[in-house]
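So you can see what is in the structure, the chains are spelled out below.
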Amino acid sequence: MPLFNARLDYALRALVDIALCSPREAVQARDIALRQGIREPYLDQILGALKRGGIVRSVRGAGGGYLLVEPPRSITVAQVVHAMVGDGLLAAPGAEEHGASRPAAGAVVHQLARRLEADLGKALAAVTVADLAQQAQQLDESLSIMPGI
């Protein structure tokens, strides 16, 4: 089972796309969809979730579209995961049900799950949308026939 499902993948790609555009100009969903190869109706759902999560805001009108609420360096992948998946990315079902009466094997597995969740949370919080945008820009430039132009 992949850790990053399509919904999270598309959310991060959309945010990187917005981050690479001018911070003062709203980016239209259809433009993001074209550049990222995401079906626009699905992208609209994703952008709605990101809006509810306080990561993007929408601008209505002819020049409308989406803007990041905060600078890209202030938006962590952990925030995006929370907006798209919720709190329990790795939480095992029923992990809290057995309390102190849990068998030893269950207790150690639960402890492992908590350690992994904590480590993953730290790793996701250490990466920002700006980091991803910078890496995407570097990759685009390295693949360009004429870098820097």
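The residue count restarts for each chain, going from 1 along the sequence in the order it is written. Owing to the predicted nature of the model, reporting of local features is limited to residues with pLDDT of at least 70; listing and counting of side-chain atom pairs is limited to 80 or more, with chain, interface and lining totals taken over all residues. Only hydrogens and water are set aside; all other atoms, that is, all heavy atoms of the structure, feed into the side-chain values.

The next thing to look at is the overall build of the chain. For helices the rule is a DSSP run of H or I covering at least 4 residues; for strands it is a run of E covering at least 2, with both sets numbered from the N terminus onward. Counting secondary structure elements, the chain contains six helices and two strands. Throughout, exposure labels follow a simple rule: accessible area from a 1.4 Å probe, protein chains only, divided by the maximum for the residue type, with under 20% read as buried, over 50% as exposed, and the rest as partly exposed. For the chain, with 149 residues in total, the buried portion stands at 29%. The contact criterion used is simple: two residues touch if any of their non-hydrogen atoms lie within 4.5 Å. Sequence separation of at least 24 residues holds for 66% of the intrachain contacts in the chain that already meet a minimum separation of 6. Carbon and sulfur atoms make up 56% of the accessible area of the chain, which amounts to about 9400 Å² in all. Surface accessibility follows the Shrake-Rupley procedure with a 1.4 Å probe radius. Residue values consider only the protein chains on display as shielding.

This paragraph deals with the confidence of the model for the chain. On a range of 0 to 100, pLDDT expresses the predictor's confidence in each residue. Chain-level statistics for the chain give a pLDDT mean of 88 and a share of 85% at 70 or above. The spread of mean pLDDT over the elements of the chain runs between helix α5 (residues 104-125), the lowest at 90, and helix α3 (residues 40-52), the highest at 97.

So, on to the pattern of salt bridges. Any Lys or Arg side-chain nitrogen found within 4 Å of a carboxyl oxygen on Asp or Glu counts as a salt bridge. By the definition in use, this model includes three salt bridges. For the salt bridge of R13 with D9, the shortest nitrogen-to-oxygen distance reads 3.4 Å. Here the residue R13 and the residue D9 both occupy positions in helix α1 (residues 6-20), the gap between them amounting to four residues, near one helical turn. Overall, the relative accessible area of 25% leaves R13 in the partly exposed class. Among the salt bridges present, the one from E117 reaches R114, with a minimum N-O distance of 2.2 Å. Within this pair, E117 and its partner R114 are both found in helix α5, separated by three residues, close to a single helical turn.

In this sheet, strand β2 (residues 65-68) lies alongside strand β1 (residues 56-59) in antiparallel orientation, the contact comprising four bridges. Residue pairing for β2: V56 is matched across the bridge by L68. Two strands make a pair as long as DSSP finds a minimum of two bridges between them. Hairpin connection between β1 and β2: a loop of five residues separates the two successive antiparallel strands, and G61 in this loop has a positive phi of roughly 110°.

Residue placement: Q28 occurs in the loop between α1 and α2 (29-36). Here R30 takes part through its side chain, which lies 2.7 Å from a polar atom of the side chain of Q28. Discounting residues that sit within four places of it in the chain, Q28 has contacts with A62, G64 and G65. Polar contact is defined as a pair of N or O atoms within 3.5 Å, subject to the rule that within protein one atom must be able to donate a hydrogen and the other to accept it, and that residues adjacent in sequence are counted only when both atoms are side-chain atoms.

A word on the nonpolar core. We define a nonpolar core as any set of buried Ala, Val, Leu, Ile, Met, Phe, Trp, Tyr and Cys residues linked to one another through side-chain atoms lying within 4.5 Å. Counting residues in each nonpolar core, the largest one holds 29 residues, and the members touching the most others are L50 and V80. Every element with two or more residues in this core is listed here: α1, α2, α3, β2, α4 (77-85) and α5. Sorting elements by how many residues they give to this core places α1 first, with six residues. In contact with V80, not counting residues within four places along its chain, are L8, A11, L12, L15, L50, I55 and I75.

Another point: the environment of R39. Within the secondary structure, R39 is located in the loop between α2 and α3. R39 gets classed as exposed once you look at its relative accessible area, which sits at 60%.

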